[in-house]
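Read off the chains here:
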Amino acid sequence: MKKLLQSCLLLLMPLGVFASGGIELDSADIDLTDKASLENGAHLYVQYCLGCHSTKYIRYLNLADDFEVEQQEILDKVAPEGAGIYDKMLTAMNGHDAKKWFGVQPPDLSLIARSRGADWIYSYLKGFYIDPIRPLGVNNAIFPEVGMPNPLWKLQGNQKPVYKKIDGQEAITELVLEEPGTMNAEEFDKSVNDIVNFLVYAGEPAQLERQSMGKYVLFFILLFGVIAYLLKKEYWKDVH
Ligand code: HEC
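Cut-offs applied
Residues numbered from 1 in each chain as written. Predicted model: local features only at pLDDT ≥ 70, side-chain atom pairs only at ≥ 80, totals over all residues. Heavy atoms only, no water. UniProt positions renumbered as here; feature names shortened; annotations may be inferred. Near = heavy atom within 4 Å. Polar contact = N/O pair within 3.5 Å; in protein donor to acceptor, adjacent residues only side chain to side chain. Nonpolar A, V, L, I, M, F, W, Y, C, P; charged D, E, K, R; others polar. Core = buried A, V, L, I, M, F, W, Y, C linked by side-chain atoms within 4.5 Å. Buried < 20%, exposed > 50% of the residue type's maximum accessible area, 1.4 Å probe, protein only. Helix = DSSP H or I, 4+ residues; strand = E, 2+ residues; numbered from the N terminus. Contact = heavy atoms within 4.5 Å. Salt bridge = Lys/Arg side-chain N within 4 Å of Asp/Glu carboxyl O. Donors = N, O, S within 2.8 Å, 3.2 Å for Na, K, Ca; no water. Tetrahedral: all angles 85-135°; square planar, octahedral: opposite > 155°, others 65-115°.

An unreviewed UniProt entry lists the chain under the name Cytochrome C, from Methyloprofundus sedimenti. The UniProt entry for the chain carries the following comment under Subcellular location (unreviewed entry): "Membrane".

Right, let's get into the site of the ligand. In the vicinity of the ligand there are 19 residues, among which Cys49, Cys52, His53, Arg116 and Met148 approach most closely. The separation between a nitrogen atom of the ligand and a polar side-chain atom of His53 is 2.8 Å. Within the side chain of Arg116, an N or O atom sits 2.6 Å from an oxygen atom of the ligand. When the residues that make up the shell around the ligand are grouped by side-chain class, the tally is 16 nonpolar, two polar and one charged.

Glancing now at the nonpolar core. Core analysis: the largest hydrophobic core is formed by 45 residues, its most contacted members being Tyr60, Leu63, Met89, Val196, Phe198 and Leu199. Contributing elements (two or more residues each) for this core: helix H2 (35-48), helix H3 (60-67), helix H6 (112-116), helix H7 (118-125) and helix H9 (185-203). For Tyr60, the contacting residues outside a window of four places in its chain are Val46, Leu50, Ile74, Ala79, Pro80, Ala83, Gly84, Ile85, Asp87, Lys88 and Met89.

Moving on: the pattern of salt bridges. If you walk through the whole model with that rule in mind, you get eight salt bridges. The partner of Lys126 in a salt bridge is Asp189, with the nearest N and O atoms 3.1 Å apart. Here Asp189 lies in helix H9 and Lys126 lies in the loop between H7 and strand S3 (128-130), a separation of 63 residues in the sequence. Assessed through its relative accessible area of 15%, Lys126 is described here as buried. The exposure class assigned to Asp189 is partly exposed, which follows from its relative accessible area of 27%.

Taken together, the protein donors to the iron atom of the ligand comprise His53 (NE2) and Met148 (SD), at separations of 2.0 to 2.1 Å. Given six donor atoms and angles of 86 to 179° at the metal, the environment of the iron atom of the ligand is assigned as octahedral. Of this pair, His53 sits in the loop between H2 and strand S1 (55-59) while Met148 is found in the loop between strand S4 (138-140) and helix H8 (153-156), placing the two residues 95 residues apart along the sequence. For the pair shown, His53 and Met148 are each scored as buried.

Dropping the structure here:
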């Protein structure tokens, strides 16, 4: 029994070390009513993520409907060349190759915002740093030893880590820009935020519709309440 307990504790240890130091999550600014942000997020997603990841529950047509723009605009500005408006947002990468190249298959991202949370994805996409020991030359402060290269390095530039000893362990406390990318920090944060906003939308596209339906539902309940009250008064009049 004691052995079992000890091994359980041992298993938990790396978790403890990771949680005790290091980098805290940054907050994403999620706003599903900001259609321009959602559209830009979808555009960046197709450009920088769709090469490896699908969002298989979404068709380009859904984007036009939900962002309230013309179908042609989605085809021109968001969808990859040659895609049709009824196509699903599928990656062209085949799973077998992906596994060979990255060691793992890039997961479908339809529900990632629900499982990881927006802040996690936001911090993760900003958390890559140069690490020559890793096979792809990069590592990630939020997802150590990740099998994904930094898809946004051209925009962001290259970061290097600052280490500090926390509880006797070296931990990354900060990432600093070593080599600038094509965007400044503010533009880059906004772009990453738009991608995350899009992924939150992708996790539950019905959310947009539900929000606008909410007020009709409330109105109906109120109206029904009044009618029910009047009816009750009418019936009880004869009983008394
Ligand atoms: C070159 C291929 C490639 C590109 C491009 C790419 N990814 Fe990935 N991604 C991967 C692989 C491989 C993994 C699995 C990593 C692992 O488990 O070690 C992954 C994992 C992830 C995860 C973590 C999933 C989990 O396990 O929770 C997220 C989130 C993610 N990617 C988002 C993105 C976003 C957003 C973009 C675009 C900005 C993107 N990826 C671009 C290959 C890619």
